[in-house]
Amino acid sequence: GEKVGLVGLSGSGKTTFINLILGLFTPDSGEILIDSQNISQVSEQSLRSQIATIPQEPLLFHRSIADNIRYGSLGASDEEVRQASKKAHCHEFIMRLDKNYDSLVGERGIMLSGGQKQRIAIARAILKNAPIFILDEATSALDPISANIIEKMFLNEMKNKTVIIIDHRLHMLSCLDRILVFNEGKIVADGPHSELLETNLH
């Protein structure tokens with residue numbers, strides 16, 4: 001149920017930390033536990049069904065916008081797709097496209113801007129509604145106004161979820177429960193934003 005931020009210079013270990021949680025890497029030592037269960041003892045499908053990830057470079061398929069959003073929950077209705085889109089603030093631009101939700105995005109989403117692709121990925125994650133959200137610079141491709149709107153929506157939507165965020169926006173980090181500071185593959189500080197400011201580790 002905590003909201004945890006990861007900060008540190010490029011190459012300090014933040015993305016590796018996330019990839020370990022996703023089961024993409026196997027730890028050399030130690031354990032990764034979710035609800036006291038070692039993730040090495042569960043199937044990859046079971047693990048990833050519990051986690052919604054929004055990467056910095058979202059992967060879109062050469063299908064319709066609706067199909068790309070519904071990838072988060074294949075059985076979702078058209079109305080559920082629309083509601084997720086509205087929460088991710090992409091419904092407006094989708095409705096301006098020639099075929100609305102049936103518009104094809106092209107290979108790797110080439111028909112959309114970076115910010116539009118990011119909002120589609122956010123809508124997909126909202127639709128999945130997993131208990132754990134991982135955001136890797138999820139608002140990096142958005143303009144500041146859109147990013148602030150999305151951040152407020154996230155904090156509202158994720159009240160009862162576990163959230164891990166890589167972000168460099170001070171406003172976003174100040175809203176989180178804890179921040180882990182990474183340096184050369186190690187966590188060198190762990191605490192609330194206000195506490196880290198006092199120790200000059202921000």
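So, here is what we can say about the structure in this document. The model shown is predicted, which means the values in this text are computed figures rather than measured ones. (Residues numbered from 1 in each chain as written. Predicted model: local features only at pLDDT ≥ 70, side-chain atom pairs only at ≥ 80, totals over all residues. Heavy atoms only, no water.)

## As for the packing of aromatic side chains
Let me state the cut-off plainly: Two aromatic rings, drawn from Phe, Tyr or Trp (for Trp, its six-membered ring), form a pair once their centres lie within 6.5 Å of each other, and the interplanar angle then sorts them: stacked below 30 degrees, edge-to-face above 60, tilted otherwise. Under the DSSP-based scheme used, a helix requires at least four consecutive residues in state H or I and a strand at least two consecutive residues in state E, with every element numbered from the N terminus. Burial classes follow relative accessibility: with a 1.4 Å probe on protein chains only, a residue under 20% of its type's maximum area counts as buried, one over 50% as exposed, and anything between as partly exposed.
Under the criterion given, the structure shown has two aromatic pairs. Ring geometry for Phe17 against Phe182: centres 5.3 Å apart, planes inclined by 70°, an arrangement best described as edge-to-face. Of this pair, Phe17 sits in helix 1 (residues 14-21) while Phe182 sits in strand 7 (residues 178-183); the two residues are 165 residues apart in sequence, bridging distant segments of the chain. Residue classification places Phe182 among the buried residues on the basis of a relative accessible area of 6%.

## Observations concerning unusual backbone geometry
Backbone geometry at Asp35 places phi at a positive 50°, although glycine is not the residue there. Turning to its location among the elements, Asp35 is positioned in the loop between strand 2 (33-34) and strand 3 (37-38). Look at Asn100: it is not a glycine, yet its phi comes out positive at around 50°. Within the fold, Asn100 resides in the loop between helix 5 (91-95) and helix 6 (114-128). What makes Asn100 partly exposed here is its relative accessible area of 25%.

## With respect to the pattern of salt bridges
Spelled out, the test is: The term salt bridge refers to a side-chain nitrogen of Lys or Arg lying within 4 Å of a carboxyl oxygen of Asp or Glu.
Here the structure, examined in full by the defined rule, presents five salt bridges. Residue Arg70 pairs with Asp78 through a salt bridge whose shortest N-O separation is 2.6 Å. Several salt bridges share partner residues, and in doing so they unite Glu2, Arg178 and Asp190 into one network.

## Considerations on the nonpolar core
To keep things clear, this is the line we draw: Here, the term nonpolar core denotes a set of buried Ala, Val, Leu, Ile, Met, Phe, Trp, Tyr and Cys residues that are joined through side-chain atoms within 4.5 Å. Whether two residues touch is decided by their heavy atoms; if any such pair falls within 4.5 Å, the residues are in contact.
By size, the foremost hydrophobic cluster in this structure holds 42 residues, and its most contacted members are Ile54, Ile69, Ile94, Ile120, Ile122, Leu135 and Phe154. Setting aside residues up to four positions removed in sequence, Ile120 forms contacts with Leu60, Ile65, Asn68, Ile69, Cys90, Phe93, Ile94 and Leu112. Ile18, Leu47, Ile134 and Phe182 belong to the second largest nonpolar core, which has 15 residues in total.

## Some points on the pairing of strand 1 (residues 3-7)
Inclusion rule: Only strands joined by at least two bridges in the DSSP assignment are considered to pair.
Of all five residues that make up strand 1, five are buried, and the element is covered over most of its length. Taking every second residue as pointing to the same face, both faces of strand 1 are buried, with Lys3, Gly5 and Val7 on one and Val4 and Leu6 on the other. Summarising the sheet, strand 1 and strand 6 (residues 162-166) pair through four bridges and their orientation is parallel. In the strand pairing of strand 6, Lys3 is matched with Val163. Where strand 1 lies against strand 7, four bridges are found, and the strand directions are parallel. Residue pairing in the sheet places Leu6 in a bridge with Leu180 of strand 7.

## A word on the sheet that holds strand 6
We apply this condition: To get an axis, fit a line to the C-alpha atoms, keeping to the stretch in contact for a helix; angles then go from 0 to 180 degrees between the N-to-C directions.
The sheet built from six strands is open, its strands ordered 4-5-6-1-7-8 with mixed pairing. In this open sheet, the two edge strands, each paired with only one partner strand, are strand 4 (51-54) and strand 8 (186-191). Direction aside, the axes of adjacent strands within the sheet are offset by 15° on average. Relative to strand 8, strand 7 is paired through five bridges, and the arrangement is antiparallel. The residue bridging Phe182 from the neighbouring strand is Ile187, located in strand 8. Its contacts with the sheet put helix 6 on strand 4 and strand 5 (132-136), and the angle it makes with strand 4 is roughly 170°.

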